[in-house]
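# Structural description and commentary
Below, each chain spelled out in residue letters.
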Amino acid sequence: MAKCPKCGRKLTLFDWRPNCPGCGVNLVYYGLEDKLLDEADAAEAEHAKLQKRIDRLKASFVGSKLTVARIVLSLLPVVALLIPLCSVKFTNIPFKGEIGGSVNLITLINVFSGLDFDGLFAMFGNATLSGVFIGYAGALLTLALSLVFVLVSLFALVAACGPKGNIRNIILNSIAIVFSVASLIFFSVFSSNATKVFPEMFTGKIGVGIFVYIAALIALLVLNIVIAKKGTPVKYKPCFVGGIPADEYFELVEKGTSKEEIRKIMNDALDAIEAKKAAEKEAKEAVAAK
């Protein structure tokens with residue numbers, strides 16, 4: 001059964017009027033001001049938390065010259081994949097002559113979209129062609145995984161100034177480098193085995209693109225390490241909750257300060273702000289009068 005929020009009187013079904021029959025307080029509007037103040041404080045607190053995230057996001061991209069350079073270096077590996085990574089050619093193919101050519105990111109996308117998995121597994125089951133299959137599949141898979149981690153690290157820049165942003169970037173870059181080097185090794189194995197299986201028919205050469213790609217990843221890793229050591233300055237926009245700085249408000253809440261004490265501090269802060277505004281207004285009026 002409901003009770004009056006002021007006097008605690010039990011209310012029955014016959015107490016349908018908006019006023020308490022015991023103390024006469026309006027049951028609808030009693031405590032409404034406090035509720036509105038609590039909601040306003042909660043909204044300002046959420047805004048303060050969101051503003052900190054926005055400030056860290058800005059710093060992640062344009063917090064310093066190093067972070068701006070990091071954006072360019074984060075995109076450079078993707079651009080490097082457009083340079084020929086390798087060249088693969090089969091010559092003297094009956095009715096076709098020569099097939100193959102330079103391989104870059106666009107070529108790899110076409111290869112993945114039309115990949116014949118049945119044919120690959122058939123090669124794996126063949127003792128003669130298994131080495132070719134392992135090198136070919138390994139080169140494709142590791143390069144694809146490297147690119148995935150490059151893209152993940154690029155999107156992770158939005159949280160680069162977070163608590164674990166620096167270590168996350170370094171780990172992602174390191175994994176991308178490991179996979180890219182593994183792809184280079186797998187291609188060498190593929191090229192060597194294919195040359196043995198198809199003598200005078202197969203030629204495979206490593207292109208400059210893969211080295212540019214790996215070099216870009218290493219440069220990005222070095223830059224992330226430098227940024228982690230130097231740190232990125234974050235300019236936080238001042239936010240207030242009930243007239244007091246947001247950080248001070250959160251500290252009071254964490255300490256378990258009662259709502260009444262916090263409200264008193266807020267009232268003092270608001271009075272000080274109003275007094276400052278009044279003093280500034282009087283000073284302007286005095287200057288204008290002169």
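Our subject in this report is the structure included herewith. (Residues numbered from 1 in each chain as written. Predicted model: local features only at pLDDT ≥ 70, side-chain atom pairs only at ≥ 80, totals over all residues. Heavy atoms only, no water.)

A separate point is the overall build of the protein. Each helix and strand in the protein was counted, giving nine helices and five strands. Scanning the protein from its N terminus toward the C terminus, one meets helices and strands in the order α-α-β-β-α-α-α-α-β-α-β-β-α-α. Residues classed as buried in the protein amount to 31% of the 290 residues present. The contacts in the protein between residues at least 6 apart in sequence include a share of 63% that link residues at least 24 apart. (Helix = DSSP H or I, 4+ residues; strand = E, 2+ residues; numbered from the N terminus. Buried < 20%, exposed > 50% of the residue type's maximum accessible area, 1.4 Å probe, protein only. Contact = heavy atoms within 4.5 Å.)

Moving on, we get to the packing of helix H1 (residues 32-62) against helix H2 (residues 65-80). At a minimum axis separation of 5 Å, H1 and H2 run at an interaxial angle of 70°. Judged by the inter-axis angle, H1 sits roughly perpendicular to H2. Contacts between H1 and H2 involve Ala59, Ser60, Phe61 and Val62 from the former and Thr67, Val68, Arg70 and Ile71 from the latter. When its residues are assigned to classes, the contact of H1 with H2 shows five nonpolar, two polar and one charged. (Axes fitted to C-alpha atoms, helices over the stretch in contact; angles between N-to-C directions. Parallel < 35°, antiparallel > 145°, perpendicular 65-115°, else oblique. Nonpolar A, V, L, I, M, F, W, Y, C, P; charged D, E, K, R; others polar.)

The next subject is the packing of aromatic side chains. The geometry of an aromatic ring pair is captured by two quantities: the separation of the ring centres and the angle between the planes. In this structure the tally under the stated criterion is four aromatic pairs. Geometrically, the ring pair formed by tyrosine 136 and phenylalanine 190 is tilted, given 5.5 Å between the ring centres and 50° between the ring planes. Of the two residues, tyrosine 136 sits in helix H5 (residues 130-155) while phenylalanine 190 sits in helix H6 (residues 165-197), which places them 54 residues apart along the sequence. Owing to a relative accessible area of 25%, tyrosine 136 belongs among the partly exposed residues under this scheme. Taking the centre distance of 5.9 Å and the plane angle of 25° together, the rings of phenylalanine 149 and phenylalanine 179 count as stacked. Note that phenylalanine 149 is positioned in helix H5 and phenylalanine 179 in helix H6, a separation of 30 residues in sequence. The class for phenylalanine 149 is partly exposed, based on a relative accessible area of 22%. With a relative accessible area of 23%, phenylalanine 179 lands in the partly exposed category. Grouping aromatic residues by their ring pairs yields a cluster made of Tyr136, Phe187 and Phe190. (Phe/Tyr/Trp six-rings, centres within 6.5 Å; stacked < 30°, edge-to-face > 60°.)

Distances and angles like these do not, on their own, reveal function.
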